[in-house]
There are 4 protein chains.
Amino acid sequence: MTSAGEANVVVVMHTDATPDEIGAVLVRLHELGCGTEVSTGKERTIIGVLGTAIPDLAAMIETLPGVDSCVRISKPFKLASRDFRPLDTVIDVGGVRIGGGQVVTMAGPCSVESEDQLLSTAHAVKKAGADILRGGAFKPRTSPYQFRGLGIEGLKLLAEARSQTGMPVITEVLTTEDVEDVATYADILQIGARNMQNFILLEEAGRTGKPVLLKRGLSARVEEWLLAAEYILNTGNRNVMLCERGIRTFETVTRNTLDIAVIPLVKRMSHLPIISDPSHGTGKWYLVPTAAAASVAAGCDGLIIEVHPDPDRALSDGPQSLTFENFEALMTQSRAFANAANRPLWSDYAPTRVAT
Amino acid sequence: MTSAGEANVVVVMHTDATPDEIGAVLVRLHELGCGTEVSTGKERTIIGVLGTAIPDLAAMIETLPGVDSCVRISKPFKLASRDFRPLDTVIDVGGVRIGGGQVVTMAGPCSVESEDQLLSTAHAVKKAGADILRGGAFKPRTSPYQFRGLGIEGLKLLAEARSQTGMPVITEVLTTEDVEDVATYADILQIGARNMQNFILLEEAGRTGKPVLLKRGLSARVEEWLLAAEYILNTGNRNVMLCERGIRTFETVTRNTLDIAVIPLVKRMSHLPIISDPSHGTGKWYLVPTAAAASVAAGCDGLIIEVHPDPDRALSDGPQSLTFENFEALMTQSRAFANAANRPLWSDYAPTRVAT
Amino acid sequence: MTSAGEANVVVVMHTDATPDEIGAVLVRLHELGCGTEVSTGKERTIIGVLGTAIPDLAAMIETLPGVDSCVRISKPFKLASRDFRPLDTVIDVGGVRIGGGQVVTMAGPCSVESEDQLLSTAHAVKKAGADILRGGAFKPRTSPYQFRGLGIEGLKLLAEARSQTGMPVITEVLTTEDVEDVATYADILQIGARNMQNFILLEEAGRTGKPVLLKRGLSARVEEWLLAAEYILNTGNRNVMLCERGIRTFETVTRNTLDIAVIPLVKRMSHLPIISDPSHGTGKWYLVPTAAAASVAAGCDGLIIEVHPDPDRALSDGPQSLTFENFEALMTQSRAFANAANRPLWSDYAPTRVAT
Amino acid sequence: MTSAGEANVVVVMHTDATPDEIGAVLVRLHELGCGTEVSTGKERTIIGVLGTAIPDLAAMIETLPGVDSCVRISKPFKLASRDFRPLDTVIDVGGVRIGGGQVVTMAGPCSVESEDQLLSTAHAVKKAGADILRGGAFKPRTSPYQFRGLGIEGLKLLAEARSQTGMPVITEVLTTEDVEDVATYADILQIGARNMQNFILLEEAGRTGKPVLLKRGLSARVEEWLLAAEYILNTGNRNVMLCERGIRTFETVTRNTLDIAVIPLVKRMSHLPIISDPSHGTGKWYLVPTAAAASVAAGCDGLIIEVHPDPDRALSDGPQSLTFENFEALMTQSRAFANAANRPLWSDYAPTRVAT
């Protein structure tokens, strides 16, 4: 993540560190394969560590005798960083371009429950301006007694909905065994919040070469999230998009706390597109349209929204799912803010894509 | 908070609760002055508690023998709730109307540092479209060794800036002793996040009758925040506005986590205006304009923004303060989203107020 | 999780709910297969829902017209609950009994790095009184550039250490593909914090029939943790132990916040043994022995401790690893508190097990 | 906090920083009154900043052109730090020594409710081995409709209880106006969690010269807590003790999360005594004795426990208050662990103090 010769750790020795202690730190750093640059001041010695790729070097050195503190001064991720690739990554999914300056909308039910439910939703969200169809075939559930999805059957229904509407499909993959199946049927593989640090799954998903949407973990710091993206990028797959879906905090009046400021922050730190998920971010259907509008104003590259023909009867996430009518209202509201930002909705920008 | 006759607690007895245990719960509730309504089912007894004003009644009853659970089913705040007053509260501050459907902008330095600094900032933010001047005369500081403000001298400078620009003034009051002085010089009294539950200060500020801006505490739940507002409202002062300024979470890449979803949530739960503070909400100047835009899209009634002629030399909050130029950019961006929402900036809506 | 006939949800209707609204709620509940019990009071109607196994029923019903609130009144987990099995679960691992009233100690390096490192550590911790050897062969790492373990080679070294010391072995399994290998070599399968809600892994691990140690997720609530345990128990595997390893909070001075009170809380809610991990719980070697002592006083059934021959050179978790000498000090300190609680260390209680 | 000549900030310049940028940083530092020490390496320049007392210097410098990062390398508190005073502070309160190696117990009701309630509790806790009587006369309450204490009347009852039992008295002071009254009647002034950063109150309390117990704020980092203590110490009052009372986290099954590891951490960072409050730390009476035992094992200098003759009828904090019988059980359990640690309960160590 740093070019050779660039220090990314600074070791500050105690004012009373002995030459032996300083020497031992240097020996240890050289053993670890790091270059060093010693600055000897009147008061104390400071050691710059050059070009290391050891992410927890600071923690490893800090415990040595004579070391006052040890500070990382550059970021531990590389492929995901904007330093590495200054221009925005644009991902083409069946003709829909994510990250190219327009706002893409992904919508559909939390879980695929039946053919009717999925197809009616797919047509309705398409008509309202959605670009990509979402729907869960494999569902992670907090309790083993909850509905866990239709599995392969759900994937096939998603493919059918794609062929009827022309919308590419995004769906979650839960485990390495399912990666091949999901990659066969879906256009984007979704990694859920609970799996953000399931590193083997990240690599398997990456190796398919398919676009991957990586949700932020419930308590993941931005740096950890970008490092998780790094796992996928490191397989050679450049088609990674991030998804802010709210974090877990002390506040329980909303299901999660949508961390709106990470949208512009991630755009600054990374070249990857960022999608906002106000459905999980708030957990309450009546907050979703406004949180979507705020996300557009914050500069997100897309939205992912849960929609259900009858939220009261949804087998999962009913309280945060929109009716068709409320989803239309959301699109109207988002359109106004997207236009105000000169970042139109993709379905307005590329209207030929909307033809059914 | 509930009209007489409305239950706000439900006591669910164990399926094997004895008549004596049920009786003891009823006796205890009557001692506490509560009416009760007993529903005897085949399986268990449920007691509805009528018209109580005891906020922690559920906790008090839950420990009694035979009680399975005890649940509060209505909100413990009253004067702040939208049920109590369905229409939006509109607060007139020197002709600027907060909560009336337009977006009001408060701007100025974190701390009043000198006459030059304050006056140059006041004129600059006024020119860019700000409606109200902010500036701290009394500063709460984490360390006793930090700059704590100019005190009364700062209040006088704020009054001078008001007379030069026509902008009303908001400033923080830290302690009951200063309430009278601050109320003499300022148009809005600000209660800071650290003092959100300094209940005696809330009441003293309330009794001045002046408008009060109540910041959310670092780890305050929405209900606690509205209950803190209730303290002020309970003094008879109806001119209370809330301010979301970010909460403390595990994420440290931003100073705080701006909780964007509470803006529409508070508008739904309460009739009080809500102001967003993206300066404290993010802690990084380069995120402030975007977070302000998102707040406008989320429906806030106003913004409060830190601006400094030279942020690198600010005695407090430099990293989150905008230059004059960046503040102008923020106003341009916010205007676009305010117009998209048909909620124009106050200075555009009431342009005669802007004349100097 | 509730026997038939027991209500676990209470639906409170609005005071002005119409008979039609009440009827619609009842119809919906019957569709969902729930029995109901209607209590009609003077002021409002309350519906008890009987014997349901739908965990998010409350959320599903709450959105129906006329419903004021809907409250779950019993726990959504069953097999893990103390109601289900009042007596403590005791797990026998190669003669070491976990959960039987004595304090079991698991110790060893974070990662298996080499034969020398592992064997020297194994002999040292055995000598100091450890009962079970820990060591990671497959390591989940935040960055793809970090050391990820020796894999199968590491498992073989653990087996070698077991045959030399007689200590059973615990090691982490990261992915379903590795479950069979890990189960072949290890005596306890560890599910790490990042995988607490990797439900498919939980089930695969459960199906081996081997004892499973389930670490609490970084931001998992106790109920979610017990539901994750429920996934394992639901496979028919009763040998599940929980491990508190600190949660993620706003405080960063320690790596995590060791949630000491969940130890007695989990003992009250569940029959499963609970192990404390003060190494991850604090992240600082100099806090580990005291946090271990506090855990023993709090009633944990065991400790899991990271020990390394030379923590400064550890490839992972050096800052929280103890030297052999510090581990001996930890054992001395823990012994004193274990004896004070009349819950002796297992190695003192069953000294014949310690013979090499 | 640093002796003159010791750097406490390190400024790391970009590798491509110009001489002008380096010069501008030096000029700015000198303007701020800081000495500097420049280390010019092959790759980049690092500036050590000497002997500064400006706590947010790093944030102020970080925004200057050419600066890569700016890192604080020593602690911003001084008087509270163990570097400043290596030996434990011992506070004598009416003959009870806090911080001297024994475990002191403070106990009594949350609120003083009546003469009977207070006196019966005082005699009961004294008999069970408590050293100091707690009781609230001024109560901070989340809602304005809750019981807010007896005020001066409560203080007089505490004084009466002291004269009957010989126990010194601790009570909370909420506002500067009450400092004089509270200091007249009480032996220790308690600053509550909500007021931890009410800096003017800290100073007023400090100036009385009376011992002050400073509770940690709900979301206060350890450094902020020690800086709050610094405000009191800075008035010349050395009799400050800290109190861990649980922090606010995502976990709601307990009222707060008792942060057990800060007990040994604070003992390492500071010379001040630390008291544990397991009543607020857990919020559930049935967890209090075990959490108290764990606190003793963690090395706390004392406990503060809520006790009530009839917790079900307590006007505040009933769910976390112990009956007399449960308090006796707590003392028995704590005694065992205190003895195991060779840090006996004060009432056992100084039995003559217990005579009534």
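Residues numbered from 1 in each chain as written. Chains lettered and ligands numbered in written order. Predicted model: local features only at pLDDT ≥ 70, side-chain atom pairs only at ≥ 80, totals over all residues. Heavy atoms only, no water.

**Description of the side chain of A:His271**
Residues and elements named next belong to chain A.
Point 1. Mapped onto the elements, His271 comes out in the loop between helix H8 (262–269) and strand E13 (274–276).
Point 2. In terms of polar contacts, His271 uses its side chain to reach the backbone carbonyl oxygen of Leu79, at 2.7 Å.
Point 3. A distance of 2.7 Å separates the side chain of His271 from the side chain of Thr89, its partner in a polar contact.
Point 4. Excluding its chain neighbours within four sequence positions, the residues that come into contact with His271 are Leu79, Ala80, Ser81, Arg82, Arg85, Leu87, Asp88 and Thr89. (Helix = DSSP H or I, 4+ residues; strand = E, 2+ residues; numbered from the N terminus. Polar contact = N/O pair within 3.5 Å; in protein donor to acceptor, adjacent residues only side chain to side chain. Contact = heavy atoms within 4.5 Å.)

**Thoughts on the packing of helix H6 (residues 199–207) of chain D against helix H7 (residues 222–233) of chain D**
For any two helices packed against each other, one specifies the inter-axial angle together with the distance between the axes.
Residues and elements named next belong to chain D.
Point 1. Running from N to C, H6 and H7 point in directions that differ by 45 degrees, and their axes come no closer than 7 Å. Between H6 and H7, the angle falls in the class oblique. Regarding H6 and H7, the two cross each other, and that crossing is right-handed. Contacts between H6 and H7 pair Phe199, Leu202, Glu203 and Gly206 from the former with Ala228, Tyr231 and Ile232 from the latter.
Point 2. Here the residues of the contact of H6 with H7 sort into five nonpolar, one polar and one charged. (Axes fitted to C-alpha atoms, helices over the stretch in contact; angles between N-to-C directions. Parallel < 35°, antiparallel > 145°, perpendicular 65-115°, else oblique. Left-handed = near helix turned anticlockwise from the far one by under 90°. Nonpolar A, V, L, I, M, F, W, Y, C, P; charged D, E, K, R; others polar.)

**A short note on the sheet that holds strand E11 (residues 212–215) of chain D**
Residues and elements named next belong to chain D.
Point 1. With parallel pairing, the eight strands of this closed barrel are ordered in space as E7-E8-E9-E10-E11-E12-E13-E14. With direction set aside, neighbouring strand axes in the sheet form an average angle of 25 degrees.
Point 2. Summarising the sheet, strand E8 (residues 132–134) and strand E9 (residues 169–172) pair through two bridges and their orientation is parallel. Directly across from Arg134, in E9, lies its bridge partner Ile170.
Point 3. Helix-sheet contacts for H7 involve E11, strand E12 (240–244) and strand E13 (274–276), and the interaxial angle to E12 is about 155 degrees.
Point 4. Running over the sheet, helix H11 (residues 324–340) touches strand E7 (104–108) and strand E14 (302–306) and is turned about 165 degrees from E14. (Pairing = 2+ DSSP bridges.)

**A few points about the relation of the copies chain B and chain D**
Point 1. Aligned on chain D, chain B shows an RMSD of 0.0 Å; the corresponding rotation is 180 degrees and the shift along the axis is 0.0 Å. Classification of the inter-copy transformation places it as that of a two-fold axis. Minimal C-alpha separation from the rotation axis in chain B is found for B:Ser219, amounting to 3.1 Å.
Point 2. In this assembly the copies share their binding face: 100% of the residues contributing to the interface of chain B also contribute to that of chain D. (Least-squares fit on C-alpha atoms with pLDDT ≥ 70 in both.)

**Here we look at the pairing of strand E14 (residues 302–306) of chain C**
Residues and elements named next belong to chain C.
Point 1. Among the five residues that make up E14, five are buried, leaving the element largely enclosed by the rest of the structure.
Point 2. Of the two faces of E14, the one carrying Gly302, Ile304 and Glu306 and the one carrying Leu303 and Ile305 are both buried.
Point 3. Relative to E14, strand E13 (residues 274–276) is paired through two bridges, and the arrangement is parallel. When the sheet's bridge partners are listed, Ser276 is paired in E14 with Leu303. (Buried < 20%, exposed > 50% of the residue type's maximum accessible area, 1.4 Å probe, protein only.)

**Quick look at the pattern of salt bridges**
Point 1. In total, this model carries 72 salt bridges over all chains according to the counting rule given.
Point 2. Notably, a salt bridge pairs B:Arg248 with D:Glu224, separated by 2.7 Å at the nearest N-O pair. A residue pair is termed interchain when its members come from two chains, as with B:Arg248 in the loop between strand E12 (240–244) and helix H8 (262–269) and D:Glu224 in helix H7. Accessibility classification places B:Arg248 together with D:Glu224 in one group, the buried group.
Point 3. Close ionic contact of D:Arg134 with D:Glu306 constitutes a salt bridge, the shortest N to O distance being 3.6 Å. Note that D:Arg134 is positioned in strand E8 and D:Glu306 in strand E14, a separation of 172 residues in sequence.
Point 4. Take D:Glu306: its relative accessible area is 1%, and that puts it in the buried class.
Point 5. Where salt bridges share partners, they join A:Arg28, A:Glu31, C:Asp310 and C:Arg313 into one cluster. (Salt bridge = Lys/Arg side-chain N within 4 Å of Asp/Glu carboxyl O.)

**As for the packing of aromatic side chains**
Point 1. Following the criterion strictly, the structure yields 14 aromatic pairs over all chains and no others.
Point 2. Taking the centre distance of 4.4 Å and the plane angle of 20 degrees together, the rings of B:Phe199 and B:Tyr231 count as stacked. In this pair, B:Phe199 is assigned in helix H6 (residues 199–207) and B:Tyr231 in helix H7 (residues 222–233), connecting sequence segments 32 residues apart. The same class applies to B:Phe199 as to B:Tyr231, namely buried.
Point 3. Here C:Phe337 and D:Phe337 contribute two aromatic rings whose centre-to-centre distance is 6.0 Å and whose plane-to-plane angle is 25 degrees, an arrangement assigned as stacked. Placement of C:Phe337 in helix H11 (residues 324–340) and of D:Phe337 in helix H11 is noted, with the two residues assigned to different chains.
Point 4. In this arrangement the basic side chain of D:Arg268 is found over the ring face of C:Tyr286, its NZ or CZ atom lying 3.4 Å from the centre. (Phe/Tyr/Trp six-rings, centres within 6.5 Å; stacked < 30°, edge-to-face > 60°. Lys NZ or Arg CZ within 6 Å of the ring centre and 35° of its normal.)

**Some words on the sheet that holds strand E9 (residues 169–172) of chain A**
Residues and elements named next belong to chain A.
Point 1. If you walk around this closed barrel you meet the eight strands as E7-E8-E9-E10-E11-E12-E13-E14, and the pairing is parallel. Here the strands of the sheet are splayed against their neighbours by 25 degrees on average, with no regard to which way each runs.
Point 2. Inspection of the sheet shows strand E7 (residues 104–108) paired to strand E8 (residues 132–134) by two bridges, in the parallel sense. Bridge assignment links Met106 to a residue of E8, and that residue is Ile132.

**Here's the deal with the state of the cysteines**
Point 1. Taken as a whole, this structure holds zero disulfides over all chains when the rule is applied.
Point 2. You can see B:Cys110 has no disulfide; the closest cysteine sulfur is in B:Cys243, sitting 13 Å from it.
Point 3. Residue classification places B:Cys110 among the buried positions, given a relative accessible area of 4%.
Point 4. Free cysteine: D:Cys300, not disulfide-bonded; nearest cysteine sulfur from D:Cys243 at 9.6 Å.
Point 5. Exposure remark for D:Cys300: the relative accessible area of 0% places this residue in the buried category. (Disulfide = S-S within 2.5 Å.)

**Brief notes about H6(D)**
Point 1. Buried residues of H6(D): D:Phe199, D:Leu201, D:Leu202, D:Glu203, D:Ala205 and D:Gly206, and no others.
Point 2. Where H6(D) is buried, its residues touch helix H5 (179–185), strand E10 (188–191), E11 and H7 of chain D.

**A closer look at the interface of chain B and chain D**
Point 1. Chain B puts 48 residues into the contact, and the matching count from chain D is 48 residues.
Point 2. Summed over both partners, the interface of chain B with chain D comes to about 4,600 Å²; 48% of that surface belongs to carbon and sulfur atoms.
Point 3. On the chain B side of the contact with chain D, B:Tyr145, B:Arg248 and B:Asp312 bury the most area, a combined 15% of that side's loss.
Point 4. At the junction of chain B with chain D, the criterion picks out six salt bridges.
Point 5. Of the charged contacts in the structure, one is a salt bridge between D:Arg148 and B:Glu203, with a shortest N-O distance of 2.8 Å.
Point 6. Viewed at the interface, chain D and chain B are joined by 20 residue pairs in polar contact (both at pLDDT 80 or more).
Point 7. Sorting the residues of the side of chain B that touches chain D by element identifies helix H1 (19–31), helix H2 (57–62), helix H5 (176–185), H6 and H7 of chain B as the ones contributing at least two each.
Point 8. The dominant element in the side of chain B that touches chain D, judged by the number of residues it contributes, is H7(B), at five residues.
Point 9. Here the side of chain B that touches chain D is composed, by residue class, of 21 nonpolar, 12 polar and 15 charged. (Buried area = accessible area lost by both parts, 1.4 Å probe.)

**Overview of a negative patch on the surface**
Residue and element names in this part refer to chain A.
Point 1. A cluster of acidic residues, Glu115, Asp116, Glu153 and Glu160, forms a negative patch at the surface.
Point 2. Among the elements of the structure, helix H3 (115–128) and helix H4 (152–165) are those that each provide at least two residues to the negative patch.
Point 3. Within the secondary structure, Glu153 is located in helix H4.
Point 4. Residue Glu153 is classed as partly exposed on the basis of its relative accessible area, which comes to 43%. (Patch = residues over 30% accessible without salt bridge, like charges linked within 9 Å, V, L, I, M, F, W, Y side chains within 5 Å. Areas by Shrake-Rupley, 256 points an atom, 1.4 Å probe, with all protein chains shown as cover. Lys, Arg positive; Asp, Glu negative; His and termini not counted. Charge placed at Lys NZ, Arg CZ, Asp CG, Glu CD.)

**Considering unusual backbone geometry**
Point 1. The phi dihedral of C:Asn342 falls on the positive side, at around 55 degrees, and the residue is not glycine.
Point 2. Examined against the element boundaries, C:Asn342 turns out to sit in the loop between H11 and helix H12 (346–349).

**Quick notes on the environment of D:Glu203**
Point 1. Turning to its location among the elements, D:Glu203 is positioned in helix H6.
Point 2. D:Glu203 sits 27 residues away from D:Thr176 along the chain, and the two C-alpha atoms are 9.1 Å apart.
Point 3. Excluding residues that lie within four positions of it along the chain, D:Glu203 makes contacts with B:Arg148, D:Tyr231 and D:Thr235.

All we've got here are geometric facts, nothing functional implied.
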